[in-house]
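# Coordinate inspection notes
Letter by letter, the chains look like this.
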Amino acid sequence: MGVKRTFDIGEVIRRVRRAVRPYPKAALFELTGEGFSSPFEQLAACIISIRTTDEATLPTARRLFEHARTPLEVSRLTPARIDELIGTCSFHERKARQIHELARRVVEEFGGELPCDFETLVSFTGVGPKCANLVLGIACGEPRVGVDIHVHRVTNRWGYVQTKTPEQTTEMLAEKLPRRYWVEINRLLVPFGKHVCTGRLPHCSTCPVLEFCRQVGVRAHR
Ligand code: SF4
């Protein structure tokens, strides 16, 4: 394993920033950069992204938004029409019903504007803490830790958190990760988890944070 240095989150983040520069951004950050940055667009895109690769999420979300971007516009589509538009993501039939219901409720209960409120966001069918936190962090500008499977896996391997579920990771990161990294951690660790600290056979021998990482649970690596 070699000699390990005391974990320095600032230095680790700086190195990860450099390491992910060549890779595509995570889907929600990419869509934000393209102007699909409202809480409603981000939440609809996050629903689309569940159990779907970023490569499929991006064109699927763009196709929906070409036809309808606001809650009012989406609520005027039928679930069947939404299903046609998002048919390239997994579980599209169920997600089409969820997105339609989301749009309808936003129009009827919130005057057409999705509020930046955690309890409201998780009250929609199909929306869990991960999507709620990502929307609050990315679209609402609130300091939130967005934990997906990559953030959960990588921060546990580092030894920075010791948790069993992404929900526990969210809580532990909220306690110890400096606030300035709360939104960025997701933007960094999704590409880092896909290309460097991969689920199987992580690229430890060339990893820029090897000297800080405890490699918890890593039995074989490249
Ligand atoms: S690739 Fe290896 S050294 Fe790098 S963060 Fe992952 S487990 Fe740690």
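Residues numbered from 1 in each chain as written. Predicted model: local features only at pLDDT ≥ 70, side-chain atom pairs only at ≥ 80, totals over all residues. Heavy atoms only, no water.

Right, let's get into the overall build of the chain. The number of helices and strands found in the chain is twelve helices and zero strands. Along its sequence from the N terminus, the chain presents helices and strands in the succession α-α-α-α-α-α-α-α-α-α-α-α. Over its C-alpha atoms the chain spans a radius of gyration of 18 Å, differing by no more than 12% from the 17 Å that the globule rule assigns to 222 residues. Principal axes of the C-alpha set define a box for the chain whose edges measure 60 × 30 × 30 Å. When burial is assessed residue by residue, the chain has 49% of its 222 residues classed as buried. Within the chain, residue pairs in contact and separated by at least 24 positions form 61% of the contacts whose partners lie at least 6 positions apart. Of the roughly 10800 Å² that the chain leaves accessible, carbon and sulfur atoms contribute 51%. Of the charged side chains in the chain, 33 are positive and 25 negative; the average position of the first set lies 10 Å away from that of the second. (Helix = DSSP H or I, 4+ residues; strand = E, 2+ residues; numbered from the N terminus. Rg over C-alpha atoms; globule rule 2.2 N^0.38 Å. Buried < 20%, exposed > 50% of the residue type's maximum accessible area, 1.4 Å probe, protein only. Contact = heavy atoms within 4.5 Å. Areas by Shrake-Rupley, 256 points an atom, 1.4 Å probe, with all protein chains shown as cover. Lys, Arg positive; Asp, Glu negative; His and termini not counted. Charge placed at Lys NZ, Arg CZ, Asp CG, Glu CD.)

The next thing to look at is the pattern of salt bridges. What the rule picks out here adds up to 14 salt bridges. The partner of Arg104 in a salt bridge is Glu101, with the nearest N and O atoms 3.0 Å apart. Within this pair, Arg104 and its partner Glu101 are both found in helix α7 (residues 92-110), separated by three residues, close to a single helical turn. Residue Arg104 is classed as partly exposed on the basis of its relative accessible area of 28%. Relative accessible area serves as the criterion here: at 31%, Glu101 is assigned to the partly exposed category. In this structure, Arg105 and Glu109 form a salt bridge, with 3.0 Å as the shortest nitrogen-oxygen distance. Taken as a pair, Arg105 and Glu109 lie in helix α7 at a separation of four residues, close to a single helical turn. Each member of the salt-bridge network shares a partner with another, and the members are Arg5, Glu11, Arg14, Arg15 and Glu211. (Salt bridge = Lys/Arg side-chain N within 4 Å of Asp/Glu carboxyl O.)

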